[in-house]
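# Architecture at a glance
Residues per chain are reported as follows:
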Amino acid sequence: MTTSSHAAPALTTTSGRGLPDRPPPRRRRRSWAPYAFVAPAVVLFVVFLLLPIGYAIYLSFQGLRLAPGGAFGRRVQVFVGLDNYKAAVTDPEFLAGFGRLAVYGLIAVPFTLGLALLFALLLDHPRTRARRFSRTAIFIPYAVPGVVASLLWGFMYLPSTSPFSWVSEAVGGGAIPFLDLPLLFPSIANIAVWGGVGFNMIIIYTSLRGIPVEIHESARIDGASEWQIARRIKVPLVAPALVLTGLFALIGTLQVYGEPTTLRPMTDSITQTWVPLMTIYRDAFTRDDLPLGSASSVLLALGTVVVSLLLLRITQKRAFGENG
Amino acid sequence: MPTPLGRRQFLTGLSALAAGSTLAACSGQKSSTGGTSPSASGSAAAAPGEKITLNFWAWGTSQPGLVKAWNKANPDIQVKHTDAGGGTDSSTKMLTASRSGNAPDVGLVEYTTLPAMIVGEVASDITSHVQDIKSSFTEATWGQTTFNGAIYGIPQDVGPMAMVYNETRFKALGIELPTTWQDFATAAESVRKADSKSYLTVFSPQEFGNFAGLAQQAGSSWWKVDGDTWTVGIADEASMKVADFWQDLVERDLVKVEALLTPQYNKELNAGQVLTWPSALWAPGVIYGAAPGQAGKWAMARFPQWTQGDARVAYQGGSAAVVTTSSKQPEAAAKFAAWINSSKQGADIQLGTGQYPASILGQQAAVASKPPVLMPQQEDFWKLASEIAAETIPSISWGPNVNVASSAFQDAMTKALAKKTPLRDALSATQEAVVADMRKTGFKVNG
Amino acid sequence: MSASTAAGVLTRPAARTTAARRGRALPTAVLLAGALYCLVPVVWVVVAASKSPDELFSTFTFSPGTGLLANLRDLFAYGGGQYGRWGLNSVLYAGVGALTSTFVSALAGFGLAKYRFAGRDAIFYGILGGVLIPGITLAVPQYLLLSKVGLTGSYWSVLLPSIISPFGIYLCRVYATAAVPDETLEAARIDGAGESRIFARIAVPMMVPGLVTVFMLQFVGIWNNFLLPFIMLSDQNKYPMTVGLYTLLAKGSGEASLYSLAITGAMLSILPLLALMLVLQRFWQLDLLSGGVKG
């Protein structure tokens, strides 16, 4: 149908090779090309994302109810309308999970971003040494799978194997109760922060490197301190990268599952429904109530979308100016 | 140089992708029979010369040996063993797989999960296949897999409740072995006085099965069905009595509140700071796994009773082999399940790995076996075990939503212990959750 | 500018005062502290893997033990070599998955970036929206769908869902926009090249650094994925490293010796990813991530 409009000028001007303009048929050939390019992705997207979501939504309106037959009756799937949604929204554990997410997120997100920004700025600082080593070292946690990271930190928290508790016990205090409230929240958030700082640091750092050197050189010459340069020049200029990393951190927070699950066998303070995804897993698998799990998932997904869009909306004005 | 090649290349590529996926789908088709076409009537015997392959999902150290022995003796029915995880993980996977007809032919299922597997149409009725081995098990044992007159699984092992204790430490601290729960409380006091780092035992809010057994010993019946009406007794008087008893111990710091078998717990076990584990006959193997250095220091004794002289205990744990509704070879599957759980060879393998067999044959063979590695010095271990097995309460049954009860119990108990609210209330909360869930599904529940 | 620079150089105080030295040391110190924080658990796991099961809970955390070789031997012997299989499985899932995913993302990204066609924005934002769906929502319906074609429990069940990567497509689009000039494409078209040849011969070579980044991100993502294989697979021999280690850990509560295996296994599992990242370091660029946001 339409070809890219910016190609038109190229067609009508001589390309410098002395070749005549091409006849229209080429436009038609090019018009199917983009569809062919995106086809594999679209097909896979439909099959593995849209269809499952559709099925999950369909399931969320079903329920397992008793029908006659067998020793106690059998469970069959029937349409139950909004029952599952009502149950999910009124389930105190599910809602409490969101409350815990809020506390967890209030620790994890600022620390991840703050530390990532700090380290990125330090890497960009003219007088820093050991840059290569630090950058690599801080990036290493990214390579550690969530389950393994939780395992490692779990052992670092447990009184009997924790080096921190060893120190505190050596100086006369007791073991540090990392895995009991209230330290539990920072402890779990720490695992996510540890894992996420490196990746986000690199994103912000490469964004920093993209700032033309002249800008902060001239500020330096004018006598501004590094700190002032960072605050007034660098940070505002990497705001888009900060938004991006903030978005990742937010989505990661809403979907946290691996850390509490792995730590659960080590402490009594983590219940089976500590975060919404754990409740969903429990409903869908342990309680074999897939429809309820689907309804809760739909709610969680909707919540994630809403929060993400809100974040983008709010920051778009500030970070992008008119380009939003 | 027009290049219709471009289009052709693309379409070729796309169709190759599509074809590849379809091909994969076809070749990936799983069937539980290897190469034979299952006869429509489901009669087991494959045509002579043809081989049947069965899938078997089970956890535990005895399974590989059992499967190997069967495969050796039955070249025409070969079994493929998969460890799909522990009890909960395995049944969860089986439920999901069953939805699409992909559950294994035979699966190991804990007694507590069996009713849920029946309601979920995973376990099939095998009454007609097991008539000839009915006599291999006691009526009480069959009671764990029989519902409304239909048999849904073949018992593999049972866990009559008993108490393992650190005999060496008992002697060292001068503690008397308790035979009643009152004595148990007294002993707990003495332990704390003798060594401030040690505890008589650990109380964990995660131990649903253990607590249920304690309640059942006290006379409670957590699920009862009469016709099609259920009665849920999680918050009845007997259960409350048990809750109050442990609450008292917790409040007085006579038992330690922590989860079992964590690195922390294992460390304490190794250091002799946890002195007993009131659980079941399979406990020695578990303790040994966590603390091999304790071999020779532990012994097994009867479970404490509420009334001196009583001899009644419940079960904790234990599982049965079920033939799933996905199986295309139910008779062959039933044959395999029956053999591993009731043959002499199977029983020997079970005993060798520390499993207490459910079959009469196995329990008799047990008496002649060597004691477990944890207590080589206790010569009469198996004799005592068979006495205890004979004292189990026969009428215990589980309900269709044990998984709901278990997770509700664990959460309620954890919260109660953390906030120091009465454990009674945790039981009531569990009861409410269970009844509500059953009613929601459509079961008729009393009260 | 040079005049004022010269003046600045002359008038800047000598950087040898204590304050200045402290100023130089502080950023480095903070950065090194951060590096230490990130390295401590890694050091811990290496040390812990060297301890035999007895030493694990009884010796000081950071004192090396004597059991490394024994642990390694036991680890690879466990289950008849299951750990090795898990490693190979992870390589398979991550390698093939990331390669295919990069290819699909490159195709889609290029198409979205360099052509204008009906539905382009709808497709792009639609695909991007996929990032917001929690994996667990998709896991079971994906399982049910795959079981309808009999693929569950097979290698495909983990490979196929891993191919679609909304984030990869986003990155490829950004990179294609930035790295492949329209004029080059036009010139090629005028020379008579077909679209597919343009893609393969011209666009892809220009996009290589971005593609390496996408490959690496996908590789790490698939390697570290736990939930998808956990739900799809039941045969332990097909497990990737993450699920395998979780199984070891779950069983380890009953058998303390398995803890040592799990720890040793965890230590080894980090190495391939580390190696990959260090090797590919000079190739990948993450500036297209931040660059993309600028628009």
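As the structure is a prediction and not an experimental result, all values here were calculated from the model.

### Brief notes about the domain arrangement of chain C
All names here are of chain C. Taken domain by domain, chain C comprises domain 1 (2-49) and domain 2 (72-292). Listed by partner, the interface residues are 5 residues for domain 1 and 5 residues for domain 2. A buried area of about 420 Å², summed over both sides, lies between domain 1 and domain 2, and 90% of it is on carbon and sulfur atoms. Taken together, the connections running from domain 1 to domain 2 amount to 0 salt bridges. Joining domain 1 to domain 2, the criterion identifies 0 residue pairs in polar contact (both at pLDDT 80 or more). Per-class residue counts for the side of domain 1 that touches domain 2 are 5 nonpolar, no polar and no charged.

### Some thoughts on the confidence of the model for chain B
When the pLDDT values of chain B are averaged, the result is 84; 89% of them are 70 or greater. Low pLDDT (under 50) marks residues 1-46 of chain B, which in the prediction has 53 contacts with non-local residues, meaning those over four places away or in another chain.

### Quick word on the sheet that holds strand 8 (residues 223-226) of chain B
Residue and element names in this part refer to chain B. In spatial order, the strands read 8-9-14; together these 3 strands make up an open sheet with mixed pairing. The two strands at the open ends of the sheet, each matched to only one other strand, are strand 8 and strand 14 (444-445). Across 4 bridges, strand 8 lies against strand 9 (residues 229-232) in antiparallel orientation. Looking at the pairing, Trp 223 lines up with Val 232 of strand 9. Of the strands in this sheet, strand 8, strand 9 and strand 14 are in contact with helix 17 (residues 423-441), which crosses strand 9 at around 165°.

### Digging into the interface of chain C and chain A
The interface of chain C with chain A comprises 94 residues on the first partner and 95 residues on the second. Across the chain C/chain A interface, buried area totals approximately 8,900 Å², and carbon plus sulfur atoms make up 80% of it. At the junction of chain C and chain A, the tally comes to 0 salt bridges. Where chain C meets chain A, there are 5 residue pairs in polar contact (both at pLDDT 80 or more).

### Notes on the nonpolar core
In summary, soluble globular proteins display a tendency toward joint burial of nonpolar side chains. Grouped together as the largest cluster of nonpolar side chains are 312 residues, with contacts concentrated most on B:Phe211, B:Trp223, B:Trp246, B:Met300, B:Phe336 and C:Leu248. It is helix 8 (residues 184-209) of chain A that contributes the most residues to this core, 15 residues altogether.

### What to know about the pattern of salt bridges
Within this structure, the stated rule accounts for 26 salt bridges over all chains. Between C:Lys114 and C:Asp182 there is a salt bridge; the shortest N-O distance is 3.0 Å. Separated by 68 residues along the polypeptide, C:Lys114 in helix 5 (residues 82-114) and C:Asp182 in helix 10 (residues 182-190) bring together distant segments of the chain. The network of salt bridges with common partners includes B:Glu189, B:Lys193, B:Asp248 and B:Arg252.

### Describing the confidence of the model for chain C
Residue and element names in this part refer to chain C. Averaged over chain C, the pLDDT score is 79; the fraction of residues at 70 or greater is 82%. Mean pLDDT values over the elements of chain C span from 42, in helix 1 (residues 2-11), up to 92, in helix 5. A low-confidence stretch, residues 1-12 stays under pLDDT 50, and its non-local contacts, those more than four residues away or across chains, total 1 contact. Counting interchain partners and residues more than four positions distant, the pLDDT-below-50 stretch residues 290-295 has 12 contacts.

### Remarks on the packing of aromatic side chains
One pass over the structure, following the stated rule, counts 56 aromatic pairs over all chains. With a centroid separation of 4.9 Å and an interplanar angle of 35°, the aromatic rings of A:Tyr157 and A:Phe178 are classed as tilted. Taken as a pair, A:Tyr157 in helix 6 (residues 146-157) and A:Phe178 in the loop between helix 7 (163-170) and helix 8 lie far apart in primary sequence, 21 residues in all. Of the residues examined, A:Phe178 reaches a relative accessible area of 14% and is grouped as buried. Put simply, the rings of B:Trp181, B:Phe184, B:Phe203, B:Phe245, B:Trp246, B:Phe303 and B:Trp306 touch in pairs and so form one group of aromatic residues. Over the aromatic face of C:Phe230 sits the side chain of B:Lys93, whose NZ or CZ is 4.5 Å from the ring centroid.

### What to know about the pairing of strand 13 (residues 315-323) of chain B
All names here are of chain B. A large share of strand 13 lies buried, amounting to 8 of its 9 residues. Of the strand pairs in this sheet, strand 3 (residues 106-110) and strand 13 are connected by 5 bridges, and their pairing is antiparallel. By the bridge assignment, Gly 107 is partnered in strand 13 with Val 322. The pairing of strand 6 (residues 154-166) with strand 13 spans 5 bridges and is antiparallel. Looking across to strand 13, one finds that Pro 155 is bridged to Ala 320.

### Details of the pairing of strand 2 (residues 77-82) of chain B
All names here are of chain B. Where strand 1 (residues 52-57) meets strand 2, 6 bridges bridge the pair, whose relative direction is parallel. Note that in strand 2 the partner of Phe 56 across the bridge is His 81. At this point the chain moves from strand 1, through helix 2 (residues 63-73), to the parallel strand 2, and the crossover so formed is right-handed.

### Overview of the packing of helix 4 (residues 92-124) of chain A against helix 13 (residues 276-286) of chain A
In a packed pair of helices, the relevant descriptors are the angle between the two axes and the axis-to-axis distance. Residues and elements named next belong to chain A. Relative orientation of the contacting elements helix 4 and helix 13 amounts to 150°, with a least axis distance of 8 Å. Considering their axes alone, helix 4 and helix 13 lie roughly antiparallel with respect to each other. Counted together, Phe 94, Gly 97, Phe 98 and Leu 101 of helix 4 and Pro 276, Thr 279 and Ile 280 of helix 13 form the full contact between these two elements. Looking at the contact of helix 4 with helix 13 residue by residue, the classes come out as 5 nonpolar, 2 polar and no charged.

Here is what the cut-offs are and how they apply
Residues numbered from 1 in each chain as written. Chains lettered and ligands numbered in written order. Predicted model: local features only at pLDDT ≥ 70, side-chain atom pairs only at ≥ 80, totals over all residues. Heavy atoms only, no water. Domains from an automatic or database assignment. Contact = heavy atoms within 4.5 Å. Buried area = accessible area lost by both parts, 1.4 Å probe. Salt bridge = Lys/Arg side-chain N within 4 Å of Asp/Glu carboxyl O. Polar contact = N/O pair within 3.5 Å; in protein donor to acceptor, adjacent residues only side chain to side chain. Nonpolar A, V, L, I, M, F, W, Y, C, P; charged D, E, K, R; others polar. pLDDT = per-residue confidence, 0-100. Pairing = 2+ DSSP bridges. Helix = DSSP H or I, 4+ residues; strand = E, 2+ residues; numbered from the N terminus. Axes fitted to C-alpha atoms, helices over the stretch in contact; angles between N-to-C directions. Core = buried A, V, L, I, M, F, W, Y, C linked by side-chain atoms within 4.5 Å. Buried < 20%, exposed > 50% of the residue type's maximum accessible area, 1.4 Å probe, protein only. Phe/Tyr/Trp six-rings, centres within 6.5 Å; stacked < 30°, edge-to-face > 60°. Lys NZ or Arg CZ within 6 Å of the ring centre and 35° of its normal. Right-handed = clockwise from strand over helix to strand, strands pointing away. Parallel < 35°, antiparallel > 145°, perpendicular 65-115°, else oblique.

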